[in-house]
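# Per-entry structural report
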Amino acid sequence: MAGERWFYRNTEEWIAIVERLKLTPCPHCKVVGALIRHGSLYGFDEHNPQRKTRRARRVFCSNRQARPGCGRTFSVWAADKIRRLGLTTSGLWRFLQRAVADGIRAAIRSIDCHLSDRTLLRIWKRFHHAQSKIRTALFGRCPPPELPAEHRPAAQVLAHLQAAFPDVPCPIASFQQALRTFFV
Ligand SMILES: [Zn+2]
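Residues numbered from 1 in each chain as written. Predicted model: local features only at pLDDT ≥ 70, side-chain atom pairs only at ≥ 80, totals over all residues. Heavy atoms only, no water.

## A few points about the overall build of the protein chain
Selection rule: Starting at the N terminus, helices and strands are each numbered in turn, a helix being any DSSP run of H or I of at least four residues and a strand any DSSP run of E of at least two. Under the scheme applied here, a residue whose accessible area is under 20% of the maximum for its type counts as buried, over 50% as exposed, and between as partly exposed, the area being computed with a 1.4 Å probe on protein chains only. Contacts are assigned to residue pairs that have any heavy atoms within 4.5 Å of one another. The accessible surface values rely on the Shrake-Rupley method and a 1.4 Å probe; as for residues, cover is taken only from the protein chains in view.
On a plain count of helices and strands, the protein chain comes out with six helices and four strands. Dimensions along the principal axes, computed over C-alpha positions, put the protein chain at roughly 60 × 40 × 25 Å. Looking at the protein chain residue by residue over its 184 residues, the buried ones come to 40%. Of the contacts formed within the protein chain by residues at least 6 apart in sequence, a portion of 54% connects residues at least 24 apart. Entry remark: accessible area of the protein chain is about 10200 Å², with carbon and sulfur atoms responsible for 50%.

In structure tokens, the structure reads:
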């Protein structure tokens with residue numbers, strides 16, 4: 001599937017995807033007519049540190065009962081979740097904005113969530129590693145806003161993200177859905 005991810009924003013969008021499944025080619029084998037629903041993935045985030053919440057829906061390319069599929073599965077992700085991350089996209093957005101404005105230590109102190117300092121530092125590093133990929137993806141949508149040269153790369157990336165997805169509740173969720181890739 002060449003790294004391309006599928007996302008849905010809400011139940012309506014998921015239902016629309018389900019209604020088209022029979023007409024949708026499998027991302028692995030390209031066969032049409034074999035995709036069926038196959039449960040969900042659950043996990044924790046800052047809103048639900050104790051109780052698991054649904055993160056993705058699974059789809060199976062059926063090879064049972066003489067179906068023509070390849071037998072593989074893939075995930076359709078909630079646009080506000082990120083693979084292997086215990087924060088929602090809006091939690092990550094707030095955290096990164098704070099880190100860029102006041103420094104990583106202040107951001108860690110202010111976030112008030114179930115994640116340890118070490119995990120939050122790792123998330124910050126993960127964002128750092130993803131920056132050039134994010135910037136390249138954003139260039140395809142709009143030029144970066146002009147910021148004074150003293151702004152650090154991380155601040156530039158967040159400003160670029162906001163310019164590319166203005167007036168949305170969470171630019172990271174919109175990024176994931178529009179570009180069909182995880183933000184980090
Ligand atoms: Zn398949």
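## Brief notes about the coordination of the zinc ion
Spelled out, the test is: Only N, O and S atoms count as donors, using a 2.8 Å limit from the metal and a wider 3.2 Å limit for Na, K and Ca, and since water is excluded some coordination spheres may look unfilled. Metal sites are grouped by the angles between bound donors: all angles between 85 and 135 degrees with four donors is tetrahedral, opposite donors over 155 degrees apart with the others between 65 and 115 is square planar for four donors and octahedral for six, and any other pattern is irregular.
Ligation of the zinc ion by protein atoms is provided by Cys-26 (SG), Cys-29 (SG), Cys-61 (SG) and Cys-70 (SG), these donors lying 2.3 Å from the ion. Given four donor atoms and angles of 103 to 118 degrees at the metal, the environment of the zinc ion is assigned as tetrahedral. Between consecutive donor residues of the zinc ion, the sequence gaps follow C-x2-C-x31-C-x8-C. Separated by 44 residues along the polypeptide, Cys-26 in the loop between helix 1 (11-20) and strand 2 (35-45) and Cys-70 in the loop between strand 3 (48-61) and strand 4 (73-78) bring together distant segments of the chain. On the basis of relative accessible area, Cys-26 is assigned to the buried category, the value being 0%.

## Quick word on the packing of helix 4 (residues 117-139) against helix 5 (residues 153-164)
What counts here: Helix axes are fitted to C-alpha atoms over the stretch in contact, other axes to C-alpha atoms as well, and angles between N-to-C directions run from 0 to 180 degrees. Should an angle fall under 35 degrees it is called roughly parallel, over 145 degrees roughly antiparallel, and 65 to 115 degrees roughly perpendicular, with every other angle called oblique. For any pair of crossing helices, the crossing counts as left-handed if the nearer helix is rotated counterclockwise from the farther one by less than a right angle, and right-handed if it is rotated clockwise. Classification convention: Asp, Glu, Lys, Arg as charged; Ala, Val, Leu, Ile, Met, Phe, Trp, Tyr, Cys, Pro as nonpolar; all other residues, Gly among them, as polar.
Close contact between helix 4 and helix 5 brings their axes to 10 Å; oriented N to C, the two are set at 45 degrees. Of the possible angle classes, the one that applies to helix 4 and helix 5 is oblique. Note that helix 4 runs across helix 5; the crossing there is left-handed. Judged by residue contacts, Trp-124, Phe-127, Gln-131, Ile-134, Arg-135, Leu-138 and Phe-139 of helix 4 engage Pro-153, Ala-154, Val-157, Leu-158, His-160, Leu-161 and Ala-164 from helix 5. Of the residues contributing to the contact of helix 4 with helix 5, the split by class is eleven nonpolar, two polar and one charged.

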